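# An overview of the molecular structure
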Amino acid sequence: MPVCFSCWVWPWDYLRFEGEYYRHFASGGAQVPASKNSSAEHWSQWWSEGHITSFGPALINNYEGATRAHWLQIFAELSEADILDIATGNGALATLAVECAETHGKHFQVTATDIAAIGEHTSSTDSNIPRWRGQISFRAEVPCEQQPFPDASFDLIVSQYGFEYSDIDATLAEVHRLLRPGGRFQAIAHHASSGVIKRQVLSARVYQAALQQLKLFTLLQRHFDSWGKARNPQAVEKLTTKPKFQKSHNALENALRQFVGAFPNDETAARLFCAIDDLRGDASRMSPAARTAALKKQEAGFLGAQARLQDLFGAALDSDRIEHIRSRARDIGYSDATAEPFLDEDGALAGWSLRLLN
Ligand SMILES: C[S@@+](CC[C@H](N)C(=O)[O-])C[C@H]1O[C@@H](n2cnc3c(N)ncnc32)[C@H](O)[C@@H]1O
């Protein structure tokens, strides 16, 4: 059962809210935003937090199960190879390639590129990971569509939930340019009907409700403004009878109530609520400038998460887009292009497995 941080008690049936308990029921949500405009900043932010995959702490030591097995099998088929992982993030696939080389005595030169800044370290608990990552040639701020390598530099180019975030047509041409004759491009890409996508639809609604509709951080900032120069809990307490304090307090409380009422039992909503509630508590011991800075930092973190979800929805491929990729690949000059649904270890749809032969 998920545990809510410092302020909240699961289950969400009963929510502590300034001394009261409320029973909440689900209600509808806002429309899910979708965008294909990928700015690297929100990805750089994520990778700077030390995650090795985009799944964060859930996959702290790299991909597991069917995904791991799929890639290890692909790497195991080679004995000596120049390998490129595009849209690598913090190097999850590239790390698996190095692991495979070390375990099976293979000779791989592994390069990894991403449009974002790549984290120097990961927070993985497997002590091998820093050593494996140390053998990868990372190149940050490199788009899939335009790679800084000569023609025919690689035997294998790989991508895990990566190339579909780019301009796909341009990337297919670039990958073709970089592959040696007989080389191949292997990818697992997001599938528009996969569980990964479906699970995130509600999270996107939560972010939109909190950030754009209810504007929780704006209301919190207004409430902080009503505290004036107060910088300890006693001084804040003295303001509670002032109309400005009460107005901003009530506006924030009402919005928070609407928010938790709309999203019971949702972990993303719990995280957002707790962040705001914790901030409100901690801020009473801060200077006005420090509490604004703390609020902006929290808000930026959630806006980044929302932007990554927008990228995800824009990237997910349906059958039509897969057919487009296959036909485009043939036009570009690949000798073969296959795509099939990729299932995880529980048999659930987890993406598309794509293979393009040069
Ligand atoms: C879902 S993450 C996957 C990262 C990694 N492959 C993994 O499995 O952990 C998508 C990555 O695509 C990168 N990306 C988005 N657009 C890109 C582009 N046009 N060129 C290169 N990388 C891009 C993002 O910066 C992000 O690191």
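It should be emphasised that the depicted structure is a prediction, and the values quoted were computed from it without experimental measurement. (Residues numbered from 1 in each chain as written. Predicted model: local features only at pLDDT ≥ 70, side-chain atom pairs only at ≥ 80, totals over all residues. Heavy atoms only, no water.)

## Quick notes on the overall build of the protein chain
Defined as follows: Labels follow the DSSP assignment, with helices taken as runs of H or I lasting at least four residues and strands as runs of E lasting at least two, numbered in each case from the N terminus. Using a 1.4 Å probe on the protein chains alone, a residue whose accessible area is under 20% of its type maximum counts as buried, one over 50% counts as exposed, and one in between counts as partly exposed. Residues count as neighbours in contact if any of their non-hydrogen atoms are within 4.5 Å of one another. Surface accessibility in these figures is a Shrake-Rupley result with a 1.4 Å probe; residues are shielded only by whichever protein chains are displayed.
On a plain count of helices and strands, the protein chain comes out with twelve helices and nine strands. The burial tally for the protein chain puts 51% of its 358 residues in the buried class. Taking contacts inside the protein chain between residues at least 6 apart in sequence as the whole, the part at least 24 apart equals 77%. Surface accessibility of the protein chain: about 16,700 Å² in total, with carbon and sulfur atoms responsible for 50%.

## Thoughts on the packing of helix 7 (residues 216-225) against helix 11 (residues 288-315)
Geometry of a packed helix pair, given as the angle between the helix axes and the separation of the axes. Heads up, the condition is: Geometry is summarised by axes, namely lines fitted to C-alpha atoms with helices restricted to the contacting stretch, and by angles between N-to-C directions that run from 0 to 180 degrees. The cut-offs work like this: below 35 degrees is roughly parallel, past 145 is roughly antiparallel, 65 to 115 is roughly perpendicular, and the gaps in between are oblique. Classification convention: Asp, Glu, Lys, Arg as charged; Ala, Val, Leu, Ile, Met, Phe, Trp, Tyr, Cys, Pro as nonpolar; all other residues, Gly among them, as polar.
Put simply, helix 7 and helix 11 touch, their axes get as near as 11 Å, and they point 175° apart. Here helix 7 lies roughly antiparallel to helix 11, going by the angle between them. Contacts between helix 7 and helix 11 involve Phe217, Leu220, Gln221 and Phe224 from the first element and Arg291, Thr292, Leu295, Gln298, Glu299 and Phe302 from the second. Residues of the contact of helix 7 with helix 11, tallied by class, amount to five nonpolar, three polar and two charged.

## Observations concerning the site of the ligand
Quick reminder of the rule: For each residue, the test is whether any non-hydrogen atom lies within 4 Å of the molecule or strand; if one does, the residue is near. Contacts described as polar in this section are N or O atom pairs within 3.5 Å, which, within protein, must combine one atom able to donate a hydrogen with one able to accept it, while residues neighboring in sequence count only if both atoms come from side chains. Cavity and pocket criteria rest on a 1 Å grid covering protein atoms alone: a 1.4 Å probe that fits but cannot get out defines a cavity, protein on both sides within 12 Å along at least 5 of 7 lines defines an open pocket, and an atom within 4 Å of a point defines a lining residue. To be counted as sitting in a cavity or pocket, a molecule needs more than half of its atoms within 2 Å of that site's grid points.
If you check the shell around the ligand, you find 21 residues, and the closest are Tyr63, Ala87, Asp114, Cys144 and Gln160. Measuring from an oxygen atom of the ligand, one finds a side-chain N or O atom of tyrosine 63 at 2.5 Å. Contact distances for the ligand include 2.6 Å between an oxygen atom and a side-chain N or O atom of aspartate 114. In a pocket analysis with a 2 Å cut-off to the grid points, the ligand is assigned to the second largest pocket. Tallied by class, the residues present in the shell around the ligand amount to twelve nonpolar, seven polar and two charged.

## Some remarks on the packing of aromatic side chains
Worth spelling out the cut-off: Pairing of aromatic side chains requires ring centres within 6.5 Å, counting the rings of Phe and Tyr and the six-membered ring of Trp. Pairs whose planes differ by under 30 degrees are stacked, by over 60 edge-to-face, and all others tilted.
Applying the stated rule across the entire model yields eleven aromatic pairs. Plain terms: the ring middles of tryptophan 43 and tryptophan 47 are 6.2 Å apart, the flat faces sit at 20° to each other, and that makes the pair stacked. One end of the pair is tryptophan 43 and the other is tryptophan 47, both in helix 1 (residues 41-48) and four residues apart, which spans about a single turn. Assessed through its relative accessible area of 6%, tryptophan 47 is described here as buried.

## Looking at helix 3 (residues 92-104)
Count 3.6 residues to each turn of an α-helix, and residues three or four apart come out pointing the same way. Convention followed: One less than the number of residues in a helix, times 1.5 Å, gives the span that helix is expected to have.
An ideal rise of 1.5 Å per residue puts 18 Å on 13 residues; helix 3 measures up with 18 Å between its terminal C-alpha atoms. Among all positions of helix 3, only Ala92, Leu93, Ala94, Thr95, Leu96, Ala97, Val98, Glu99, Cys100 and Ala101 are buried. Buried residues belonging to helix 3 abut helix 2 (65-76), strand 3 (80-86), strand 4 (107-113), helix 4 (128-134) and strand 6 (154-160). Looking one or two residues beyond helix 3, the residue adopting positive phi is glycine 105, at roughly 60°.

## Details of the pairing of strand 9 (residues 349-357)
This is how the line gets drawn: Should DSSP find at least two bridges between two strands, the strands are regarded as paired.
Judged from the six bridges that link them, strand 7 (residues 179-189) and strand 9 form a sheet pairing that is antiparallel. Bridge assignment links isoleucine 188 to a residue of strand 9, and that residue is serine 353. By the bridge criterion, eight bridges tie strand 8 (residues 336-343) to strand 9 in an arrangement that is antiparallel. Each residue of the ladder has a partner; that of alanine 337, found in strand 9, is leucine 356. From the end of strand 8 to the start of strand 9, which pair antiparallel, there are five residues, and glycine 347 there has a positive phi angle of about 80°.

## Considerations on the sheet that holds strand 4
Working definition: the strands of a sheet are paired by backbone hydrogen bonds and lie parallel or antiparallel to each other. The strand order 5-4-3-6-7-9-8 describes an open sheet built from seven strands, whose pairing is mixed. Edge positions in the sheet fall to strand 5 (137-139) and strand 8, since each of these pairs with one other strand and no more. Adjacent strand axes in the sheet meet at a mean angle of 15°, parallel and antiparallel pairs treated alike. Lying over the sheet, helix 2 contacts strand 3, strand 4, strand 6, strand 7, strand 8 and strand 9, oriented at roughly 175° with respect to strand 7. Contacting strand 3, strand 4 and strand 6, helix 3 runs over the sheet at an angle of about 170° to strand 4.

## Some points on the nonpolar core
Applied cut-off: As used in this record, nonpolar core signifies buried Ala, Val, Leu, Ile, Met, Phe, Trp, Tyr and Cys residues forming a set joined through side-chain atoms within 4.5 Å. Domain ranges listed in this record stem from an automatic or a database domain assignment.
In this structure, Leu216, Phe217, Trp227, Phe259 and Leu272 are the most contacted members of the largest nonpolar core, which totals 45 residues. For this core, the secondary structure elements donating two or more residues are helix 1, helix 6 (195-213), helix 7, helix 9 (243-262), helix 10 (267-283) and helix 11. Composition of this core by domain shows at least three residues from each of domain 1 (41-194 + 316-357) and domain 2 (198-312). Ignoring sequence-local partners within four residues, the contact set of phenylalanine 259 consists of Val206, Ala209, Ala210, Leu214, Leu216, Ala269, Leu272 and Phe273. Core analysis: the second largest hydrophobic core is formed by 31 residues, Leu78, Leu93, Val110 and Tyr161 among them.

## A word on the pairing of strand 6
Our working rule: Clockwise travel from the first strand over the helix to the second, with the strands pointing away from the viewer, marks a crossover as right-handed.
Within strand 6, six of the seven residues are buried, which leaves the element mostly enclosed by the surrounding structure. Summarising the sheet, strand 3 and strand 6 pair through three bridges and their orientation is parallel. For leucine 84, the partnering residue across the bridge sits in strand 6 and is isoleucine 157. Both strand 6 and strand 7 contribute to a ladder of six bridges, which runs parallel. Note that in strand 7 the partner of leucine 156 across the bridge is arginine 184. Of the crossover connections in this fold, the one passing from strand 6 over helix 5 (residues 168-178) to the parallel strand 7 is right-handed.

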